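Here is how the chains run, residue by residue.
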Amino acid sequence: MSDRSPLALLSSRIQTWEGFLVCALLFIVLMNTVLSPQFMTLGNQINLFQLSIEKIIVALAMTFIIINAEIDLSVGSMMGLAACAFGYLFQAGIDPVLTIGIVLLIGVVGGAVNGFFITKIGLPSLVVTLATLIGFRGLARVLVEDRGVTDFPDWFDALGQQGLIGPIPFALIAFFILFLVLYVLLQRSGFGRQTYIIGTNREVAAFAGIDTGRHKMILFMMSGLVSAFAGLLYAARVGAVRGDVALGFELDIITMVLLGGVSIFGGSGTLVGTLLAILIVLNLRNGMALLNITGHIQTGVIGILLISSVLLPRVNLAALLGRETKGEAGS
Amino acid sequence: MMRALSNLNPQTLRILALLLVLTLVILFFSTQISNYLNGRLFNRISSSVAIMALIATAQTLVILTRNIDLSVGSVVGFTAFATGSLIASLPDLHPLLLVAFSMAFGACFGAFNGLIVAYARVPAIIVTLATMALFRSLLVEFADGKSITSSQLPQWLTSFPNTPLFELGQFQFRAAFVVAVVIVLIVHFALQHLRVARKLYAIGSNPEAADMAGINQKATVFVAFVCAGALAGLAGFMFLARFGNITVVAGLGFELKSVAAAVVGGVNIFGGSGTVFGALIGAVLVDLIETSLVRWPLVSEFWREAVLGTLILTAVALDAVVMRRLVAIRAAKHHEKREEAAK
């Protein structure tokens, strides 16, 4: 096996899920460049990220949760709650910097509520976060009722809307920093290994001396914190908040993570896979938008992509196995 | 008291507990809201529950087999729209044919989900997450910017849900509600007593054991999805009849509401236990609380969702804790009996 030709090495590389995603991404970028002349401009490239920046930030935290064999449906509502809490506290005249701190704390507490019911009471995360999806959204509506809050300080709006380093906005920089930090945490640290082990088999992890409850608690608090941060970014980018901020975002976020090859049963997937899936979804949506394809159709295409992302590798694998056994029989 | 309760079947116990909670909620609000307990409350709740009960039943069938259907909302919306367009272009179509059409239409979507889940073995949460988006975008494409208005619909259809079939004092039993309850009861008794339907429980509680018992898992899961689709289709018909005006966002968010109703009704999200009748009471409870909170002067109507989320969480947590204790007590009793027998 050591004397493999570079070509064979390349083809084995492509056969991994990440390799496949890279190929798909290159294809989409190529198509976009050919079909729309505006695509490869700096403005459009930044815009492509900016329009979904909150979702892709939360997708990074969601990767941990799903690898851990749990799910967090409450992220969209937490983003809404964070944005509305910011609007409410800001209107109450509290210092914006202090407000940001309080809002991030709300995220951690909200995540801890999820974590409490999942780890201490032992309820399935699907049920708990479904209830908090309704509950957090409810709190957001209580805070702003049917008003919209706007007129945030100029520096806050500027942070969301203008470039921080050249044309690159704060949120995009935050996304890449967060990606690097979480990459090290998941792929290069003991904590990350534990995330995988617990996701593969919780009992075995517990027997190996891992405090699985504490680990899950930390992950849900992280998910709440990241969602609250994303909610603040939303408030800054749009410059106004309402009760329905980030409504339904959870499904888009989960779609991105699953498309990235993270198993819904936990234990496998990588943060790089999630990043590639994010890039694919963003480029695909942007390309379709440039060709005047409506949002609903875009969502449908992403849906097809999601199913085929699970179906295709299976078909491929079966065909490959068939060929290999035939080859052995021949020799 | 716990010991006495542990003699009851857990399913029966759950339904009794739900009915108790339902009564307490009604009593509580009747002390808070003047003129609360009257026929109008019943009529209001029963009309909206007619739709959600069917969707919660559909969801329960799927959840029992350890799956989930997140596409029900899109199926309800699409069926309502398609049924509306059909009757608008063929106003003389026989009502029963129209109902059959809506159920068959929904069943097709269910079959699509079921094929991929059962035969291609893709997890249901992924498949239905994708088809939720896919069916909705097909609806947008199909609708082509138009919407269905009640003026396009025949008189019999729009008046059907509100036709009182019979009255008990102040309580009007309207057609849509009666039909929904009858269907829920039929499905309930089928699930409890028919051998074919018990397979859903077998697969949900232990897939390997079900396999060894000779149950065809793939076919059973497929059929569960098809039935769920047909029920969602019927719910789409009811939705069309009740609201008359259908746009492309019809049924948005029903998927999570139906899961909530089923879970509050005691259906185990990991499959294998729970009843359709429980899901019906769950749907009634959720709807009752939503409607009553709006009328409760003490809290603003914006508290509705926050309270609802808290209640769902409390209900499920209590259920888990109580059930665990009951199981422990049962095990202890069983142990005692064996000890005695040994003596």
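Note that this is a predicted model, so its numbers are computed, not measured.

Some points on the overall build of chain A
Move 1: For chain A, the helix and strand inventory stands at 15 helices and four strands.
Move 2: Within the span of chain A, comprising 331 residues, buried residues form 52% of the whole.
Move 3: Carbon and sulfur atoms make up 68% of the accessible area of chain A, which amounts to about 14,700 Å² in all.

Here's the deal with the side chain of Lys55 of chain A
Move 1: Relative to the assigned elements, Lys55 of chain A resides in helix H4 (residues 53–67).
Move 2: One polar contact links Lys55 of chain A to Asp252 of chain A, side chain to side chain, over a distance of 2.7 Å.

Looking at the pattern of salt bridges
Move 1: This structure, assessed with the given rule, holds seven salt bridges over all chains.
Move 2: In this structure, Glu305 of chain B and Arg141 of chain A form a salt bridge, with 2.6 Å as the shortest nitrogen-oxygen distance. Taken together, the positions of Glu305 of chain B in helix H14 (residues 304–342) and Arg141 of chain A in helix H7 (residues 125–144) put the pair across two chains.
Move 3: Classification of Glu305 of chain B by relative accessible area gives buried; the value is 18%.

With respect to the pairing of strand S2 (residues 171–174) of chain B
Residue and element names in this part refer to chain B.
Move 1: In this structure, strand S1 (residues 164–168) lies alongside S2, joined through four bridges in antiparallel fashion. By the bridge assignment for S2, Glu167 is matched with Gln172.
Move 2: Linkage of S1 to S2, two consecutive antiparallel strands, is achieved through a turn of two residues, within which Gly169 is found at a positive phi near 60°.

Focus on the confidence of the model for chain A
All names here are of chain A.
Move 1: Confidence in the prediction for chain A averages 89 pLDDT; 90% of positions are at 70 or higher.
Move 2: When the elements of chain A are averaged for pLDDT, helix H1 (residues 6–14) gives the smallest value, 64, and helix H12 (residues 212–238) the largest, 97.
Move 3: Across residues 324–331, confidence stays below pLDDT 50; counting only partners more than four residues off in sequence or on other chains, it has zero contacts.

Considerations on empty space enclosed by the protein
Rolled over the atoms, a probe with the dimensions of a water molecule shows which regions are left empty.
Move 1: This structure, assessed with the given rule, holds three cavities of 30 Å³ or more.
Move 2: By volume, the largest cavity is sized at about 80 Å³.
Move 3: Around the largest cavity, the lining residues are Ile71, Leu73, Leu126, Leu130, Leu251 and Ile254 of chain A together with Ile68, Leu70, Ile125, Leu129, Leu256 and Val259 of chain B.
Move 4: Within the residue set of the lining of the largest cavity, elements represented by two or more residues are H7 and helix H13 (249–259) of chain A together with helix H6 (124–143) and helix H12 (254–264) of chain B.
Move 5: Residue classes in the lining of the largest cavity are distributed as 12 nonpolar, no polar and no charged.
Move 6: Lining the second largest cavity, in full, are Ser46, Ser47, Ala50, Ile51, Pro161, Asn162, Arg174, Ala176, Phe177, Met238 and Arg242 of chain B.
Move 7: When contributions to the lining of the second largest cavity are tallied by element, the ones reaching two or more residues are helix H3 (39–64), helix H8 (175–193) and helix H11 (217–243) of chain B.
Move 8: For the lining of the second largest cavity, the leading source of residues is H3 of chain B, giving four residues.

A word on a nonpolar patch on the surface
Move 1: On the surface, a nonpolar cluster with roughly 670 Å² of combined accessible area is contributed by Phe27, Leu30, Met31, Val34, Leu35, Leu291 and Ile293 of chain A.
Move 2: By secondary structure assignment, the location of Leu30 of chain A is in helix H2 (residues 17–35).

With respect to H12 of chain A
Residues and elements named next belong to chain A.
Move 1: Counted at 1.5 Å a residue, the expected span for H12 with its 27 residues is 39 Å, and the 39 Å between its end C-alpha atoms agrees.
Move 2: Buried residues dominate H12, accounting for 21 of its 27 residues.
Move 3: Count one or two residues on from H12 and you reach Gly239, which has phi positive near 80°.

Considering unusual backbone geometry
Move 1: You will see that Asp151 of chain A, though not glycine, has its phi angle at about 60°, which is positive.
Move 2: Note on Asp151 of chain A: relative accessible area 63%, which makes it exposed.
Move 3: Positive phi is not limited to glycine here, since Arg121 of chain B has a value of about 55°.
Move 4: Relative to the helices and strands, Arg121 of chain B is located in the loop between helix H5 (95–119) and H6.
Move 5: You can call Arg121 of chain B exposed: its relative accessible area is 51%.

Quick notes on the side chain of Ser102 of chain B
Residues and elements named next belong to chain B.
Move 1: Tracing the chain through its elements places Ser102 in helix H5.
Move 2: Overall, Ser102 belongs to the buried group, its relative accessible area being 0%.
Move 3: From its side chain, Ser102 meets the backbone oxygen of Val99 in a polar contact 2.7 Å long.
Move 4: When near neighbours in sequence (up to four residues on either side) are disregarded, Ser102 contacts Thr79, Thr83, Gly233, Leu234 and Phe237.

Here's the deal with the packing of aromatic side chains
Move 1: Summed over all chains, the structure comprises 34 aromatic pairs over all chains.
Move 2: Taking 6.4 Å as the distance between ring centres and 80° as the angle between the ring planes, the aromatic pair formed by Phe170 of chain A and Phe229 of chain A counts as edge-to-face. You can see Phe170 of chain A sitting in helix H9 (residues 170–187) and its partner Phe229 of chain A sitting in helix H12, a full 59 residues away along the chain.
Move 3: A relative accessible area of 25% places Phe170 of chain A in the partly exposed class.
Move 4: Over the face of the ring belonging to Phe249 of chain A we find Lys55 of chain A, whose NZ or CZ atom lies 4.6 Å from the ring centre.
Move 5: Residue placement shows Arg198 of chain B over the ring face of Tyr201 of chain B; its charged tip is 4.5 Å from the ring centre.

What counts, and at which threshold
Residues numbered from 1 in each chain as written. Chains lettered and ligands numbered in written order. Predicted model: local features only at pLDDT ≥ 70, side-chain atom pairs only at ≥ 80, totals over all residues. Heavy atoms only, no water. Helix = DSSP H or I, 4+ residues; strand = E, 2+ residues; numbered from the N terminus. Buried < 20%, exposed > 50% of the residue type's maximum accessible area, 1.4 Å probe, protein only. Areas by Shrake-Rupley, 256 points an atom, 1.4 Å probe, with all protein chains shown as cover. Polar contact = N/O pair within 3.5 Å; in protein donor to acceptor, adjacent residues only side chain to side chain. Salt bridge = Lys/Arg side-chain N within 4 Å of Asp/Glu carboxyl O. Pairing = 2+ DSSP bridges. pLDDT = per-residue confidence, 0-100. Contact = heavy atoms within 4.5 Å. 1 Å grid on protein atoms, 1.4 Å probe; cavity = no way out; pocket = protein on both sides within 12 Å on 5 of 7 lines; lining within 4 Å. Points joined across faces, edges and corners; volume = space filled by probe spheres on them. Nonpolar A, V, L, I, M, F, W, Y, C, P; charged D, E, K, R; others polar. Patch = residues over 30% accessible without salt bridge, like charges linked within 9 Å, V, L, I, M, F, W, Y side chains within 5 Å. Expected span 1.5 Å × (residues − 1). Phe/Tyr/Trp six-rings, centres within 6.5 Å; stacked < 30°, edge-to-face > 60°. Lys NZ or Arg CZ within 6 Å of the ring centre and 35° of its normal.

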